[in-house]
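For reference, the chains in residue letters:
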Amino acid sequence: MGDIILDGNPPVGVTLRRSSRAKRLSLRVSRLDGRVTLSMPARLPEREALAFLREKEDWIRKHLGTRAPEQATVFGASVPFLGREVEIVPGKGRRALLKDGRLEVPGEADRVAARVKAFLKLEAQMRLREASDRYAALLNTDYGRITLRDPRSRWGSCTSAGNLMYSWRLVMAPAAVLDYVAAHEVAHRLEMNHSDRFWAHVARVCPDHAAHRRWLHTEGEKLHAWRFETD
């Protein structure tokens, strides 16, 4: 259907989606990127959807107000890496380097965000591959290729062909949380669902998986608050 704008300070964009499966109006505010989506039955008049939005406007703004504030990747900031805060400081050489608990980044200030992102993606690639290999061996299975992306709605996925996708932002989480996501996705090579059998596989190789899932639910949005784009 498209987007509409709720007037106010600030204005709020809302995406309207008709669904043949929807039986009622359903409102969602993403804690990752603040996107507001209203799903509605296929034949519901749009005026009813708009009236519903006006009734829920205070609720929408309240939820948007609880999101983690955006964080700029600049010299002096402390970016999370494996669950610890590391200060970004000027450095030498050709790439960012972790040294004595600080992330030394060479070059001008306008290149900091890009170089920190490159550092995090490289570390994520190495650590997620190692974790995937380890859990594939423990579960006596295999997988295809690994790709890193920056999705807003999930931390990882496994295709029917066995290819794994991970969010590179996982390297900002504690190492045990990163490991859990790898165990979760590799376990899908045995069960492409979230049945009891699937969770039994995960529990066998990652007994504390419930705690790591809770961490992602309560703290994960803070990882998405970090901005690495340059104007």
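Everything below is about the structure printed above this text.
These notes cover the structure that comes with them. (Residues numbered from 1 in each chain as written. Predicted model: local features only at pLDDT ≥ 70, side-chain atom pairs only at ≥ 80, totals over all residues. Heavy atoms only, no water.)

**Details of the overall build of the protein chain**
To be explicit about the condition: Secondary structure counts use DSSP, requiring at least four H or I residues in a row for a helix and at least two E residues in a row for a strand, with both numbered from the N terminus. Throughout this description, buried means an accessible area under 20% of the type-specific maximum (1.4 Å probe, protein chains only), exposed means over 50%, and partly exposed covers the range between. Each accessible area is a Shrake-Rupley result for a 1.4 Å probe, and residues are judged covered by the shown protein chains and nothing else. Positive: Lys, Arg. Negative: Asp, Glu. His and the chain ends are not part of the count. Taken as the charge location is NZ of Lys, CZ of Arg, CG of Asp or CD of Glu.
Scanning the protein chain from N- to C-terminus turns up six helices and 13 strands. Expressed as lengths along the three principal axes of its C-alpha atoms, the size of the protein chain is roughly 60 × 50 × 30 Å. Looking at the protein chain as a whole, 44% of its 231 residues are labelled buried. By element, 48% of the accessible surface of the protein chain is carried by carbon and sulfur atoms, the whole surface being about 13300 Å². Distance between charge centroids for the protein chain: 4 Å, based on 40 positive and 29 negative side chains.

**Considering unusual backbone geometry**
Positioned with a positive phi, Asp 100 is a non-glycine residue whose angle comes to about 55°. With respect to the helices, strands and loops of the structure, Asp 100 is situated in the loop between β8 (97-99) and β9 (102-105). Residue classification places Asp 100 among the exposed positions, given a relative accessible area of 73%. Positive phi, close to 55°, is recorded for Asn 140, a residue that is not glycine.

**Focus: the sheet that holds β8**
Think of a sheet as strands paired side by side through backbone hydrogen bonds, with each pair either parallel or antiparallel. The cut-off we apply is this: Any two strands are treated as partners once DSSP identifies two or more bridges connecting them. Throughout, an axis means a line fitted to C-alpha atoms (over the contacting stretch in the case of helices), and angles, computed between N-to-C directions, take values from 0 to 180 degrees.
With mixed pairing, four strands are arranged side by side in an open sheet as β6-β7-β9-β8. Of all strands in the sheet, those bounded by a partner on one side alone are β6 (78-81) and β8. Each strand axis lies, on average, 40° off the axis of its neighbour in the sheet, ignoring direction. Relative to β9, β8 runs antiparallel, the two being bridged by three bridges. Bridge pairing in β9 places Leu 97 opposite Glu 104.

**Concerning the pairing of strand β3 (residues 26-29)**
A regular strand places its side chains on the two faces of the sheet in alternate fashion. Across the two faces of β3 the burial differs, with Leu 27 and Val 29 buried and Ser 26 and Arg 28 not buried at all. Of the pairings in the sheet, the one linking β3 to strand β4 (residues 36-41) comprises four bridges and is antiparallel in character. The residue bridging Leu 27 from the neighbouring strand is Leu 38, located in β4.

**As for the packing of aromatic side chains**
Note the cut-off: Here is the rule: rings of Phe, Tyr and Trp (six-membered ring for Trp) pair when centre to centre is within 6.5 Å. Planes less than 30 degrees apart are stacked, more than 60 are edge-to-face, and the remainder are tilted. Placement of a charge over a ring requires the Lys NZ or Arg CZ to be within 6 Å of the ring centre, with the centre-to-atom vector within 35 degrees of the ring normal.
Per the stated rule, a full pass over the model turns up three aromatic pairs. With a centroid separation of 5.3 Å and an interplanar angle of 50°, the aromatic rings of Phe 81 and Phe 119 are classed as tilted. Highlighted residues: Phe 81 in strand β6 and Phe 119 in helix α3 (residues 112-138), separated in sequence by 38 residues. Under the relative-accessibility criterion, Phe 81 is labelled buried at 2%. A cation sits over an aromatic face here: Arg 134 above Tyr 135, 5.0 Å from the ring centre.

**Quick word on the sheet that holds strand β12 (residues 164-167)**
This is how the line gets drawn: The contact rule is simple, with two residues in contact once any of their heavy atoms fall within 4.5 Å.
Across the sheet, three strands lie side by side as β10-β12-β11; this open sheet has mixed pairing. The two strands at the open ends of the sheet, each matched to only one other strand, are β10 (146-149) and β11 (156-158). Strand-to-strand, the axes of this sheet are offset by a mean angle of 15°, without reference to chain direction. With four bridges joining them, β10 and β12 adopt parallel strand pairing. Opposite Thr 147, over in β12, you have Met 165 as the bridge partner. Of the strands in this sheet, β10 and β12 touch α3, which is tilted by about 140° from β10.

**Observations concerning the nonpolar core**
Side chains of a nonpolar character, in soluble globular proteins, are inclined to be buried together. Definition in use: Side-chain atoms within 4.5 Å link the members of a nonpolar core, which is a set of buried Ala, Val, Leu, Ile, Met, Phe, Trp, Tyr and Cys residues.
Counting 48 residues, the largest nonpolar core has Leu 103, Val 116, Leu 120, Tyr 166, Leu 170, Val 171 and Met 172 as the members making the most contacts within it. Per element, the largest residue contribution to this core is nine residues, and it comes from α3. Non-local contacts of Leu 103, meaning those with residues more than four positions away in its chain, are made with Val 79, Val 86, Glu 87, Ile 88, Val 89, Ala 96, Leu 97, Leu 98, Val 116 and Phe 119. The next biggest cluster of nonpolar side chains, apart from the first, holds 16 residues, and it includes Leu 6, Leu 16, Leu 25 and Leu 53.

**With respect to the environment of Ala 210**
Topologically, Ala 210 is positioned in helix α6 (residues 209-224). Judged by its relative accessible area of 34%, Ala 210 is partly exposed. C-alpha of Ala 210 to C-alpha of Tyr 143: the two residues are 67 residues apart in sequence and 24 Å apart in space.

**Digging into helix α5 (residues 196-205)**
Threshold: Relevant arc is that of directions from the helix axis to the C-beta atoms, nothing else.
The complete set of buried residues in α5 reads Phe 198, Trp 199, His 201, Val 202 and Val 205. Projected down its long axis, α5 shows its buried positions confined to an angular sector of 150°, all on one face. Those residues of α5 that are exposed and aimed more than 90 degrees away from the buried face are Asp 196, Arg 197 and Arg 204. Tucked inside the fold, the buried residues of α5 contact α3, α4 (175-187) and α6.

Interpretation in functional terms is not warranted from these geometric data alone.
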